Amino acid sequence: MSKVTTLAAINLLSITFLSNIISVISCILGISLYANLLCYVFSIPIILTIIITKYNRIIIHSRIIILLCFIFLFLASITYSVSKYASLIKFSNIIYSVLAPILITILTLSFFSLEERIIILSKYIKIGYNIACLVIIVLGLLFIANFTDNNGSRLYVRGLNNPIWAARYAGFLMLFIFYSFVWRRRNYKCLNVLCILIGIFLMFKSGSRAPLISFAIAILFLYWNKTTSFQKILILIVFACIGIVFMTFSARVQSGGDSASNIQRMILISQAFAAKFDLWKGNGIGSYNFVATGVDELYYPHNLFIETILETGLIGLIILLLSLKIVFPQKSYFLLICFIYFFINSMFSGDISGNNYLFTFIAICIFYRNNSRINNSNNILIHNGSEHKSYCI
């Protein structure tokens, strides 16, 4: 059983964690690798092992259907989309980046009981913490070695696609470190502080504000009722660094660095809403830029709600809200802070496929949303009136 739960944890790591590592490695080696595809291929033997071992037990949560309905609604809207070119690209992107990891999540977790899934999540966090510390330090060393790309004044480690995704990934890595330090009471204080400072530095150099805002809100939630003297000092250091970052950002905006981009986004969004579109079903997948500018190329409003209502209408927006609601009640603090982090990011950047981690974590959260509650003070899982010893998740 221990082996199977470990494999399940590794499988979750492969779809939420490892693709960016593969992308960086491919740049270092100077070869082209399909990082997500490699992770999916890696998942196949693990899923087969889980099925063979647990074939006589499967628990598929009905609420997962709501999430799948949202994804399939987006895909089905290609049948009436006013876009011919962008719709095809976005259709394939959603299948590749969003639907595939959701299905892998379902096949990974559906064969385990609640108690087993808690063990899987515990191992996921533990292994993820160790890898996160290593990756943050390596990314810092690569940055010092000038293994970077730039977008104007925005610098990021090669292989992380663009400055926004690089900042998002650094923030995600730091969530593992913060959570493990707070709830797992790890003693590597110097290592934790070093990794967090490196992570904030990488986010700052990328020039992206949304990941910093999302990260700050996520750790504020984490620290809401779980602080000690040293941890209070640590969080003060973090927010002091973030404050310095925002002072720098403010200076950059005042000098015209970001204002043109933000104004352009607002103009496109207003043009899209001013154009004729079906309020109930939208103009179809990939239609945003065509409606706003008349050019049939893939672009998006950098806000998941606006994208959803313009392309799938009120029907899509309602199903999206239901998909977000099914995360709750959620008693895994780690999954909650990951959900909060990626949800807030989706309000400022990316389209549905670019926010694939949000939907993957919604799928994972569903499997930890039972009629159960975890008492973090004494680390006991209470389920159906009986108590079981559990990990603190």
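Residues numbered from 1 in each chain as written. Predicted model: local features only at pLDDT ≥ 70, side-chain atom pairs only at ≥ 80, totals over all residues. Heavy atoms only, no water.

Asks: Quick question: what am I supposed to make of the overall build of the protein chain here?
Replies: Check the secondary structure of the protein chain and you find 15 helices and five strands. Looking at the protein chain alone, contacts between residues at least 24 apart form 78% of all its contacts between residues at least 6 apart. Looking at the protein chain as shown, the accessible area adds up to about 17000 Å², and 66% of this sits on carbon and sulfur atoms. (Helix = DSSP H or I, 4+ residues; strand = E, 2+ residues; numbered from the N terminus. Contact = heavy atoms within 4.5 Å. Areas by Shrake-Rupley, 256 points an atom, 1.4 Å probe, with all protein chains shown as cover.)

Asks: How do you make sense of the packing of helix α2 (residues 18–29) against helix α3 (residues 35–53) when you look at a structure like this?
Replies: A pair of packed helices is captured by two measures, namely the crossing angle of their axes and the spacing between those axes. Interhelical geometry of α2 versus α3 gives an angle of 125° and a closest axis separation of 8 Å. Between α2 and α3, the angle is such that the two are oblique. For α2 against α3, the interelement crossing comes out right-handed. Judged by residue contacts, L18, S19, I22 and S23 of α2 engage A35, N36, L38 and C39 from α3. Its residues placed into classes, the contact of α2 with α3 shows five nonpolar, three polar and no charged. (Axes fitted to C-alpha atoms, helices over the stretch in contact; angles between N-to-C directions. Parallel < 35°, antiparallel > 145°, perpendicular 65-115°, else oblique. Left-handed = near helix turned anticlockwise from the far one by under 90°. Nonpolar A, V, L, I, M, F, W, Y, C, P; charged D, E, K, R; others polar.)

Asks: Help me understand unusual backbone geometry, please; the structure alone is not making it clear to me.
Replies: Excluding glycine, most residues fall at negative phi; most peptide bonds, likewise, are trans. Phi at N146 takes a positive value of approximately 65°, unusual for a residue other than glycine. Under the relative-accessibility criterion, N146 is labelled exposed at 53%. With a phi close to 60°, H302 is a non-glycine residue in the positive phi region. According to the relative accessible area criterion, H302 is buried, its value standing at 9%. (Buried < 20%, exposed > 50% of the residue type's maximum accessible area, 1.4 Å probe, protein only.)

Asks: Hey, could you run me through the environment of L335 in this one?
Replies: Tracing the backbone through its elements, the reader meets L335 in helix α14 (residues 333–346). Residues L335 and C365, 30 residues apart in the sequence, show an inter-C-alpha distance of 6.4 Å. Among residues more than four places away in sequence, those in contact with L335 are L121, Q330, F361, I364, C365 and Y368.

Asks: I would appreciate a short explanation of the pattern of salt bridges in the present structure.
Replies: Pairs can form between side chains of opposite charge once their charged atoms are near each other. Following the criterion strictly, the structure yields three salt bridges and no others. Of the charged contacts, one joins E311 and K90 as a salt bridge, the two residues approaching to 2.9 Å between their closest N and O atoms. Taken as a pair, E311 in helix α13 (residues 304–325) and K90 in helix α5 (residues 86–109) lie far apart in primary sequence, 221 residues in all. Judged by its relative accessible area of 0%, K90 is buried. Within the structure, one salt-bridge network assembled from shared partners comprises K90, E307 and E311. (Salt bridge = Lys/Arg side-chain N within 4 Å of Asp/Glu carboxyl O.)

Asks: Mind showing me how you'd approach the packing of aromatic side chains here?
Replies: The relation between two aromatic rings is expressed through the spacing of the ring centres and the mutual angle of the planes. With the rule as written, the count across this model stands at 23 aromatic pairs. Note on Y40 and Y96: the rings are 5.7 Å apart at their centroids and 75° apart in plane angle, and the pair reads as edge-to-face. Taken together, the residues span a long stretch of sequence, with Y40 in helix α3 and Y96 in helix α5 at a distance of 56 residues. According to the relative accessible area criterion, Y40 is buried, its value standing at 13%. Residue class for Y96 comes out partly exposed when judged on its relative accessible area of 29%. Here the aromatic rings of F342 and F361 are separated by 5.7 Å at their centres, their planes lie at 20°, and the arrangement is stacked. A residue pair is termed long-range when its members are at least 10 positions apart, and F342 in helix α14 and F361 in helix α15 (residues 356–366) qualify at 19 residues. The class of F342 is buried, set by a relative accessible area of 3%. F361 sits in the buried class, given a relative accessible area of 0%. The lysine or arginine in question, R158, covers the ring of F147, its NZ or CZ lying 4.8 Å from the ring centre. The lysine or arginine in question, K281, covers the ring of Y80, its NZ or CZ lying 4.7 Å from the ring centre. (Phe/Tyr/Trp six-rings, centres within 6.5 Å; stacked < 30°, edge-to-face > 60°. Lys NZ or Arg CZ within 6 Å of the ring centre and 35° of its normal.)

Asks: I'm lost on a nonpolar patch on the surface in this one. Help?
Replies: A cluster of nonpolar side chains, I25, I28, L29, I31, L33 and L38, forms an exposed patch at the surface whose accessible area comes to about 520 Å². The element contributing the most residues to the nonpolar patch is α2, with three residues. With respect to the element layout, I31 can be found in the loop between α2 and α3. You can call I31 partly exposed: its relative accessible area is 43%. (Patch = residues over 30% accessible without salt bridge, like charges linked within 9 Å, V, L, I, M, F, W, Y side chains within 5 Å.)

Take it as geometry only, folks, not as evidence of what the structure does.
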